[in-house]
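Examination of the molecular architecture
Here's the letter readout for the chains.
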Amino acid sequence: MARVAGVSHQTVSRVLNEHPSLRDSTRQRVLDVMQELQYRPNRAARALVTSRSRTIGVLTSRSAQYGPASSIQAIEEAAREGGYLVLTANILAKDSDSIREALAHLMEQDVEGLVIIAPQVRVFDALAELSLDIPFVTMQSTGRLDDHELSVDQIAGARLATRHLIELGHRDIYHLAGPQDWIEAEARMRGFLEEMSAQDVPTTAPILGDWSSEFGYYVGREMLRLRDFTAIFSSNDQMALGLIHAIREAGLDVPRDISVVGFDDIPEAAHFWPPLTTVRQDFAELGRRCMSLLLDGLGGMHGAGGGGGAYRGNVMPELVVRQSTAAPSR
């Protein structure tokens, strides 16, 4: 390749390692030849020479769900643009040992930075016990790791959903929450309770779910035995789908008899029947900001190759109003 480009082997090496001393014309000539020859640098050999793996680790416990999967995709795209590879490790069990094993697996791959997309409190407890010596960013906010946190404002999103129902005239509103120990579930429950209190609307105890549409269907059938409500705010769209199934199976109409609001705005939410009113999270934007923040930290460690000005702070959610909500009929 050096011969075809008319440069020395050292010049090719400098291009591969993004050395700042090269003229733009020389760098471009080498890059053009690389593209023409379909050259792909050997990552392992490059790591030996530079002592850098240019690899980012992602720790997750729900990589198959829509939100984490969307964020991981955005992280991979942003990492690729920055010249990094992404390795993902899934937490296979709920205990602290599994969390430590997943982290140890990533560290054994010489990752230069970490992204944490594991939204359980126990993961943050394990992180607090460890002294990580590489940059890391978490995609949930607990208030414990402020310098490393970037998240969607879950409380604000829950308040938007609850306020929408109250402004339609609903006063008998239930909240189907997510599982205990989940940071998002706790924040959305808190947002619901805060908005109900601020609007001086009486509340009932939230029902703890498990994120699944099956649970939404089951609890919906149980709730309809009393039918002492006109609206439900579900902590995610999948449980909302199960609720709508149970309501319609009972011969009732959504939203004429009962209004339903979800959270996440999964791609299918617009095609539920009726289309679901929900809170949209921009998971892709969150992934991009997360990677920018991490690369900014890596740039500080290694000099060139940083994120170019990292984003900080929360990503604001958006209420998407569709046909599953209306004013109460009674």
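In what follows, the structure referred to is the one given above.
Treat the numbers as computed from the prediction; the structure is a model and nothing was measured.

A short note on the sheet that holds strand S7 (residues 231-234)
- Pairing in this open sheet of 4 strands is parallel, and the strands run S6-S5-S7-S8 from one edge to the other. Strand pairing shows two members of the sheet lacking a second neighbour, strand S6 (207-208) and strand S8 (259-261), which therefore form its edges.
- Of the strand pairs in this sheet, strand S5 (residues 173-177) and S6 are connected by 2 bridges, and their pairing is parallel. Looking across to S6, one finds that Ala177 is bridged to Leu208.
- Across the sheet, helix H8 (residues 154-167) is in contact with S5, S7 and S8; its angle to S7 comes to roughly 170 degrees.
- Helix-sheet contacts for helix H9 (residues 183-198) involve S5, S6 and S7, and the interaxial angle to S5 is about 165 degrees.

Re the nonpolar core
- In this structure, Ile258 and Val260 are the most contacted members of the largest nonpolar core, which totals 26 residues.
- Breaking this core down by element, the ones donating at least two residues are S5, helix H10 (213-223) and helix H11 (237-249).
- Ranked by the residues each element gives to this core, the list is headed by H11, at 6 residues.
- Dropping the residues within four chain positions of it, Val260 is found in contact with Ile232, Ala240, Ile244, Ile247, Val254, Leu276, Thr277, Ser324 and Thr325.

What to know about helix H6 (residues 96-108)
- Between its terminal C-alpha atoms H6 stretches 18 Å, which fits the 18 Å expected from 13 residues at 1.5 Å a residue.
- Looking only at H6, the buried set comprises Ser98, Ile99, Ala102, Leu103 and Leu106. Mapping the buried residues of H6 onto a view down its axis gives an arc of 135 degrees, with all of them on the same face. Facing away from the buried surface of H6 by more than 90 degrees, the exposed residues are Glu101 and Glu108.
- Positive phi appears at Asp110, one or two residues downstream of H6, with a value of about 60 degrees.

Comments concerning the packing of H8 against H9
- Look at H8 against H9: their axes get within 7 Å of each other, and the N-to-C directions meet at 40 degrees. Looking at the two axes, H8 sits oblique to H9. You can see that H8 and H9 cross each other, and the crossing is right-handed. On H9, the residues touching Gln154, Ile155, Ala158, Arg159, Thr162, Arg163 and Ile166 of H8 are Glu184, Ala187, Arg188, Arg190, Gly191, Phe192, Glu194, Glu195, Met196 and Ala198.
- For the contact of H8 with H9, the residue count by class is 7 nonpolar, 3 polar and 7 charged.

Let's talk about the sheet that holds strand S3 (residues 113-117)
- With parallel pairing, the 4 strands of this open sheet are ordered in space as S2-S1-S3-S4. Looking at the sheet topology across the chains shown, the edges are occupied by strand S2 (85-90) and strand S4 (136-138). Pairs of neighbouring strands in the sheet enclose a mean axial angle of 20 degrees, with direction left out of account.
- Note: strand S1 (residues 55-60) against S3, 5 bridges, orientation parallel. The residue bridging Leu59 from the neighbouring strand is Ile116, located in S3.
- Across the sheet, helix H5 (residues 66-81) touches S1, S2 and S3, and the angle it forms with S3 is around 160 degrees.
- Against the sheet, H6 touches S1, S2 and S3, its axis set at about 155 degrees to S2.

Some words on the pattern of salt bridges
- For the structure shown, the criterion picks out 12 salt bridges.
- The salt bridge involving Glu195 is made with Arg163; its shortest N-O contact spans 3.1 Å. Taken together, the positions of Glu195 in helix H9 and Arg163 in helix H8 put the pair 32 residues apart, joining distant regions of the chain.
- By relative accessible area, which is 2% here, Glu195 ends up buried.
- By relative accessible area, Arg163 is classed as partly exposed at 27%.
- Note that Arg280 is salt-bridged to Glu318, the shortest N-O span being 3.7 Å. Linking Arg280 in strand S9 (residues 278-280) with Glu318 in strand S10 (residues 318-320), this pair joins segments that are 38 residues apart in sequence.
- Look at Glu318 and you get partly exposed, because its relative accessible area is 42%.
- What you see here is one network of salt bridges that share partners, running through Arg159, Arg163, Arg190, Glu194 and Glu195.

About the thresholds
Here, residues in each chain are numbered from 1, in the same order as that chain's written sequence. Residue-level local features of this predicted model are given only where pLDDT is at least 70; pairs of side-chain atoms are given and counted only at 80 or more, and the full residue set underlies all totals for whole chains, interfaces and linings. With hydrogens and water excluded, all non-hydrogen atoms of the structure serve as input to the side-chain values. Strands are labelled as partners when DSSP assigns at least two bridges between them. Helix numbers and strand numbers start at the N terminus; a helix is a DSSP run of H or I with at least 4 residues, a strand a run of E with at least 2. For this analysis, residues touch if any pair of their heavy atoms sits within 4.5 Å. Every axis corresponds to a line fitted to the C-alpha atoms, with the helix fit spanning only the stretch in contact, and the corresponding angles, defined between N-to-C directions, vary from 0 to 180 degrees. What is meant by a nonpolar core is a set of buried Ala, Val, Leu, Ile, Met, Phe, Trp, Tyr and Cys residues, joined one to another through side-chain atoms within 4.5 Å. Here's how the labels work: a residue is buried when its accessible area is under 20% of the maximum for its type, exposed when over 50%, partly exposed in between, all with a 1.4 Å probe on protein chains only. To estimate the expected span of a helix, subtract one from its residue number and multiply by 1.5 Å. As used here, the arc is the angular range of directions from the helix axis to the C-beta atoms. The scheme is simple: roughly parallel for angles under 35 degrees, roughly antiparallel for over 145, roughly perpendicular for 65 to 115, oblique for anything else. Note: crossing handedness is left-handed where the near helix turns anticlockwise from the far helix by less than a right angle, and right-handed where it turns clockwise. Put simply, Ala, Val, Leu, Ile, Met, Phe, Trp, Tyr, Cys and Pro go in the nonpolar bin, Asp, Glu, Lys and Arg in the charged bin, and everything else, Gly too, in the polar bin. Should a side-chain nitrogen of Lys or Arg be within 4 Å of a carboxyl oxygen of Asp or Glu, the pair is scored as a salt bridge.

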